[in-house]
Amino acid sequence: METIGTINVSEGTEINFFIDEFKDVLYANIRKFATTEKYTGPTKQGIMLNHANLKEIIKKIDDNIDKFKKSDTSAKETLKLDDQRYINIAITEFKEKKYFELREYLESESYSGPTKKGITINTDHFEKVLEFLKKMDEFLANPPKDVVFEKKEEKKPSKKENK
């Protein structure tokens, strides 16, 4: 894991922007991390993007940068992933506060709406979010040769599975 940046959103909660590897492919990962008495580490709230999707998200933001910088709730872009999934890139409003949202949505016969895959962060942090997205893009475009990602140990089969 290569950390690009961190934004503290509240006491015990931060959004981490990092590069991670999965099946020998590098991904941009934006994830909420929590620190409590019982647990410190990543939460399920976050999104993992391949380089092509990250580049497209940055382009869509840059194409409408004035609206995003002004926290204009008409700033809304989508990135189609496949026939049922898309990423919503938008300024949203909730309880009179404005947020930058980067979230996967699903459109299917059984469900249409947001998924848990994504982040929502106060628009006060928008400039930092964009800076970190661009740094992640630069890293994925030219990953340093000397960066080594930790290999996660494979789960060893239990005695039951060996029988």
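The structure displayed is predicted, hence computed values, not measured ones.

What counts, and at which threshold
Residues numbered from 1 in each chain as written. Predicted model: local features only at pLDDT ≥ 70, side-chain atom pairs only at ≥ 80, totals over all residues. Heavy atoms only, no water. Helix = DSSP H or I, 4+ residues; strand = E, 2+ residues; numbered from the N terminus. Buried < 20%, exposed > 50% of the residue type's maximum accessible area, 1.4 Å probe, protein only. Contact = heavy atoms within 4.5 Å. Areas by Shrake-Rupley, 256 points an atom, 1.4 Å probe, with all protein chains shown as cover. Salt bridge = Lys/Arg side-chain N within 4 Å of Asp/Glu carboxyl O. Pairing = 2+ DSSP bridges. Expected span 1.5 Å × (residues − 1). Polar contact = N/O pair within 3.5 Å; in protein donor to acceptor, adjacent residues only side chain to side chain. Phe/Tyr/Trp six-rings, centres within 6.5 Å; stacked < 30°, edge-to-face > 60°. Core = buried A, V, L, I, M, F, W, Y, C linked by side-chain atoms within 4.5 Å.

Enquirer: Can you break down the overall build of the protein residue by residue, with the values?
Expert: From N to C terminus, the protein includes four helices and eight strands. Going residue by residue from the N terminus, the α and β elements of the protein occur as β-β-β-β-α-α-β-β-β-β-α-α. The buried share of the protein, reckoned over its 163 residues, is 37%. Relative to all contacts within the protein whose residues are 6 or more apart in sequence, the contacts with residues 24 or more apart total 36%. Of the accessible surface of the protein, which amounts to about 11100 Å², a share of 47% is contributed by carbon and sulfur atoms.

Enquirer: Quick one: what's the story with the pattern of salt bridges, residue by residue and with numbers?
Expert: Taken as a whole and judged by the stated rule, the model has eight salt bridges. In this structure, the salt-bridge partner of Glu-101 is Arg-103, at a minimum N-O distance of 3.6 Å. The class of Glu-101 is buried, set by a relative accessible area of 8%. The shortest N-O distance in the salt bridge between Glu-131 and Lys-135 comes to 3.1 Å. On the criterion of helical spacing, the pair formed by Glu-131 and Lys-135 is a turn pair, its members being four residues apart in helix H3 (residues 126-141).

Enquirer: Which residues make up the pairing of strand E8 (residues 112-122), and what values go with them?
Expert: Put simply, side chains in a regular strand alternate between the two faces of the sheet. Looking at chain direction, strand E7 (residues 97-107) and E8 are connected through eight bridges and run antiparallel. In the sheet register, Tyr-105 faces E8, and the bridge partner there is Pro-114. Hairpin connection between E7 and E8: a loop of four residues separates the two successive antiparallel strands.

Enquirer: Help me get a handle on helix H1 (residues 51-63), residues and values and all.
Expert: Between the first and last C-alpha of H1 there are 18 Å, a value that for 13 residues agrees with the 18 Å anticipated at 1.5 Å per step. Where H1 begins, one side-chain oxygen reaches toward the backbone nitrogen of Ala-52, 3.2 Å away; that side chain belongs to Asn-50.

Enquirer: Requested: an account of the packing of aromatic side chains, with residues and values cited.
Expert: Enumeration according to the criterion identifies six aromatic pairs in this entry. Relative to Phe-132, the ring of Phe-17 has its centre 5.1 Å away and its plane inclined at 50 degrees; by these criteria the two rings are tilted. Separated by 115 residues along the polypeptide, Phe-17 in strand E2 (residues 13-22) and Phe-132 in helix H3 bring together distant segments of the chain. The same class applies to Phe-17 as to Phe-132, namely buried. Both rings, one in Tyr-86 and one in Tyr-105, keep their centres 5.4 Å apart while their planes meet at 15 degrees; by these two values the pair is stacked. Linking Tyr-86 in strand E6 (residues 85-94) with Tyr-105 in strand E7, this pair joins segments that are 19 residues apart in sequence. Ring pairing ties together the aromatic residues Phe-68, Phe-100 and Phe-126, which thus form one cluster.

Enquirer: Kindly report on the nonpolar core, identifying the contributing residues and their values.
Expert: With 31 residues, the main nonpolar core has Phe-17, Ile-30, Ile-61, Phe-100 and Met-136 as its most contacted residues. Considering each element in turn, this core owes the most residues, eight residues, to H3. In contact with Phe-17, other than residues within four places in its own chain, are Glu-2, Thr-3, Ile-4, Gly-5, Ile-7, Asn-29, Ile-30, Val-129, Phe-132 and Met-136.

By themselves, these figures tell us nothing about what the structure is for.
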